[in-house]
Amino acid sequence: MSESAQPDGIKIDVKNLDAWFRGTQALRNVSLSVPKNTVLAIIGPSGCGKSTFVRCINRMHELVPGATQTGKVFVDGKDLHARGVDPVDLRRRVGMVFQRPNPFPTMSIYENVAAGLKLNGIGGDHKQLVEKSLRQAALWDEVKDRLQSSALSLSGGQQQRLCIARALAIGPEVLLMDEPASALDPIATAKIEELIHELREALTIVIVTHNMQQAARVSDSTAFFYLGELIEHGPTERIFTNPREPRTEDYVTGKFG
Amino acid sequence: MTMKAHTDKTYDAQLDDLRNKLLTLGGKVETEIAVAMRGLQERDSKLAEQVIAADREVNRLEVDIDEACRRLLVLRQPAASDLRFITTALKIVVDLERIGDLAVNIAERALDLNQSPPLKPVHDLGKLAELCQKQVRGALDAFVDGDVSMAEQVIKDDDLVDSLYHNLFNELLALMMEDSRNIRRANSLLFVAKHLERLGDHATNVAEMVIYMVRGTDVRHPGSRTSKSAPPTP
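Attention here is on the structure that accompanies the text. Remember, predicted model here, so these are calculated numbers, not experimental data. (Residues numbered from 1 in each chain as written. Chains lettered and ligands numbered in written order. Predicted model: local features only at pLDDT ≥ 70, side-chain atom pairs only at ≥ 80, totals over all residues. Heavy atoms only, no water.)

Let us now look at the side chain of Asp-12 of chain B. Residue and element names in this part refer to chain B. On the secondary structure map, Asp-12 appears in helix 1 (residues 9–41). An unpaired buried charge is present at Asp-12: no salt bridge exists, and Lys-9, the closest side chain of opposite charge, is 5.7 Å distant. Among all residues touching Asp-12, those that are not within four sequence positions of it are Ala-5 and His-6. (Helix = DSSP H or I, 4+ residues; strand = E, 2+ residues; numbered from the N terminus. Buried < 20%, exposed > 50% of the residue type's maximum accessible area, 1.4 Å probe, protein only. Lys, Arg positive; Asp, Glu negative; His and termini not counted. Salt bridge = Lys/Arg side-chain N within 4 Å of Asp/Glu carboxyl O. Contact = heavy atoms within 4.5 Å.)

This is the structure in structure tokens:
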């Protein structure tokens, strides 16, 4: 496997990434890195390449028919496209949570969390791992007495935390979150945000969000994408109080379109 | 700052409204100082009374501006230059209102002094008043135009104000020592000088906030920034 020369403490390193959907270029020469145990928020208008960027970090982009990419993505200094990298193993280490909660509909709450363990052939005490993941996702107290109920019996916010528990169960090092709270009410959203603060101790997180206040609240650094380009990336506080790029300024102050 | 309009035009209208209120307030306190000084120098107590009466409007505007800022903060959750503008507004409104109060204090001293025969003219007082008014005007112009060099000039002028004030202090002290019958009046004039000097300090505060508003850097109290663990830089 090829190693990239980079300082310690960088978890995700993206270099000159271009991505296409057939003829359409979705990302243009994007380079940025995410230090370990930090949260990166990605903001930008619809169609700016936010989700594509995130999907390149766990090789989900290439699952779309006609999708291609050039450039490099390194996780822990390892090139994701180096020979011998197993995308399934990669996705175990780089978990993902989507906009709409997507629990397995026919499974119970317990089975949903245990499913990843079984699929990945992870041994050990599943009961204990399920409880630990549900606790980590701040859902345990609400579901501990009805673990065998259908996952669909949960509210939207609970389902989303269930999906986070499912992602956490297999012990990822990176968690990608694509608009994880956009379908949730403010209380459920606050729970997810609190969760992000806690998970940051153990994980590196990349979150895509349209909610700029959310980006400001949860992240250490913020990247602004526009038309597939990375316009500005910097400490979150600076991006929201004193951005350097006029396009960032226009976007965060609401002067677009 | 970009001159581009917000996507939501009512946001622009609300920001403009706030800006206009601040300018109205600034204009009023500027006039208050000028009229208070005329009341003193022309020994016209009517003018001094005007200043005292006008302060009610200044106070009302202060409350209005505070309210407008709070509304914008909660409804718009402003960012970047908008955030800096609104937080600046919240801070300078306090300085402007204080400047108004100091003008009232000068007017009150004028009312008192106008009861007694004039003391021998103190030249530097007029000069000090002029300079302080220039500071207030400069700070307001810098705010309107987002003019950093103008703001820097206001800050620089404060040293001049301080040295003029010290000259005046010595001059008035000498008058008091010369003849104890001067003490009451000289003391009142000393208060006027102190009010003017304080008013210049408030103008300086406004100028410092204008620099923050435009550049996003805090120029107050250099070296006092707490260095916090810096978030990761790309």
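With that settled, consider the nonpolar core. The biggest cluster of nonpolar side chains holds 72 residues, and the ones touching the most others in it are Leu-18, Leu-22, Leu-125, Leu-196 and Leu-199 of chain B. Within the residue set of this core, elements represented by two or more residues are helix 1, helix 2 (45–76), helix 3 (80–113), helix 4 (123–145), helix 5 (148–178) and helix 6 (183–215) of chain B. Listed in part, the 49 residues of the second largest apolar core include Val-143, Leu-199, Ile-231 and Ile-239 of chain A. (Core = buried A, V, L, I, M, F, W, Y, C linked by side-chain atoms within 4.5 Å.)

Residue and element names in this part refer to chain B. With respect to the secondary-structure elements, Lys-21 resides in helix 1. Residue class for Lys-21 comes out buried when judged on its relative accessible area of 19%. Contacts of Lys-21, omitting those with residues within four sequence positions, involve Leu-61, Asp-64 and Ile-65.

Residue and element names in this part refer to chain A. If you trace the six strands from one edge of the open sheet to the other, you get 6-7-8-3-9-10, paired in mixed fashion. At either margin of the open sheet sits one strand with a lone partner, and together these are strand 6 (94–97) and strand 10 (229–235). Taken over all neighbouring pairs, the strand axes of this sheet differ in orientation by 15° on average, direction set aside. The sheet contact formed by strand 6 and strand 7 (residues 174–178) spans four bridges and is parallel. Paired with Gly-95 across the bridge in strand 7 is Leu-175. Docked against the sheet, helix 6 (residues 156–169) engages strand 6 and strand 7, running at close to 170° with respect to strand 6. (Pairing = 2+ DSSP bridges. Axes fitted to C-alpha atoms, helices over the stretch in contact; angles between N-to-C directions.)

Glancing now at the pairing of strand 4 (residues 67–75) of chain A. Residue and element names in this part refer to chain A. Here strand 1 (residues 10–21) runs beside strand 4; their pairing, made up of eight bridges, is antiparallel. Within strand 4, the residue paired with Phe-21 across the bridge is Ala-67. For strand 4 and strand 5 (residues 78–79), the ladder comprises two bridges, and the chain directions are antiparallel. When the bridges of strand 5 are listed, Val-75 appears paired with Lys-78.

With that settled, consider helix 6 of chain B. Residue and element names in this part refer to chain B. Compared with an ideal rise of 1.5 Å per residue, which puts 33 residues at 48 Å, helix 6 spans 48 Å between its outermost C-alpha atoms and is within 8% of the ideal. Summarising burial for helix 6: 24 of the 33 residues are buried, a large majority. Following helix 6 by one or two positions, Gly-216 adopts a phi angle in the positive range, close to 80°. (Expected span 1.5 Å × (residues − 1).)

Moving on to unusual backbone geometry. All names here are of chain A. Even without being a glycine, Asn-16 presents a positive backbone phi close to 50°. As for its placement among the helices and strands, Asn-16 is situated in strand 1. Non-glycine residue Asn-29 carries a positive phi angle of around 50°. Mapped onto the secondary structure, Asn-29 falls in strand 2 (residues 24–35). For Asn-29, a relative accessible area of 46% corresponds to the partly exposed category.

All names here are of chain A. Locating Ser-31 in the fold gives a position in strand 2. Classification of Ser-31 as partly exposed rests on a relative accessible area of 35%. Spatially, the C-alpha atom of Ser-31 lies 26 Å from that of Ala-167, the residues being 136 residues apart in sequence. Among all residues touching Ser-31, those that are not within four sequence positions of it are Val-14, Lys-15, Asn-16 and Leu-230. A distance of 2.7 Å separates the side chain of Ser-31 from the backbone nitrogen of Asn-16, its partner in a polar contact. (Polar contact = N/O pair within 3.5 Å; in protein donor to acceptor, adjacent residues only side chain to side chain.)

Let us now look at the pattern of salt bridges. Residue and element names in this part refer to chain B. Evaluation of the coordinates by the stated rule reveals 35 salt bridges over all chains. The salt bridge involving Asp-64 is made with Arg-60; its shortest N-O contact spans 3.5 Å. Of this pair, Asp-64 and Arg-60 both sit in helix 2, four residues apart, which is roughly one turn of that helix. By relative accessible area, which is 42% here, Arg-60 ends up partly exposed. Across the pair Glu-67 and Arg-70 runs a salt bridge, and its minimum N-O distance is 3.2 Å. One end of the pair is Glu-67 and the other is Arg-70, both in helix 2 and three residues apart, which spans about a single turn. Since its relative accessible area comes to 47%, Arg-70 is described here as partly exposed.

Residues and elements named next belong to chain B. Between its first and last C-alpha atoms helix 2 spans 47 Å; for 32 residues at 1.5 Å apiece the expected length is 46 Å, and the two agree. Among the residues making up helix 2, those that are buried are Leu-47, Ala-48, Val-51, Asp-55, Val-58, Leu-61, Glu-62, Ile-65, Ala-68, Cys-69 and Leu-72. Where helix 2 is buried, its residues contact helix 1 and helix 3. The backbone nitrogen of Lys-46 has a side-chain oxygen 3.0 Å away, supplied by the residue at the start of helix 2, namely Asp-44. Directly beyond the C-terminal end of helix 2, a positive phi value near 45° is found at Gln-77.

Listed as interface residues are 21 residues of chain B and, on the opposing side, 22 residues of chain A. For the pair chain B and chain A, the two sides together bury roughly 1,700 Å², of which 51% comes from carbon and sulfur. There are one salt bridge connecting chain B and chain A. If you look at where chain B meets chain A, you find nine residue pairs in polar contact (both at pLDDT 80 or more). (Buried area = accessible area lost by both parts, 1.4 Å probe.)

Attention now goes to the environment of His-166 of chain B. Residue and element names in this part refer to chain B. Structurally, His-166 can be placed in helix 5. By relative accessible area, which is 48% here, His-166 ends up partly exposed. Between the C-alpha atom of His-166 and that of Glu-197, which follows or precedes it by 31 residues, the distance is 9.9 Å.

Now for the environment of Ala-80 of chain B. Residue position: Ala-80 of chain B is located in helix 3. As a C-alpha pair, Ala-80 of chain B and Arg-70 of chain B span ten residues in sequence and 17 Å in three-dimensional space.

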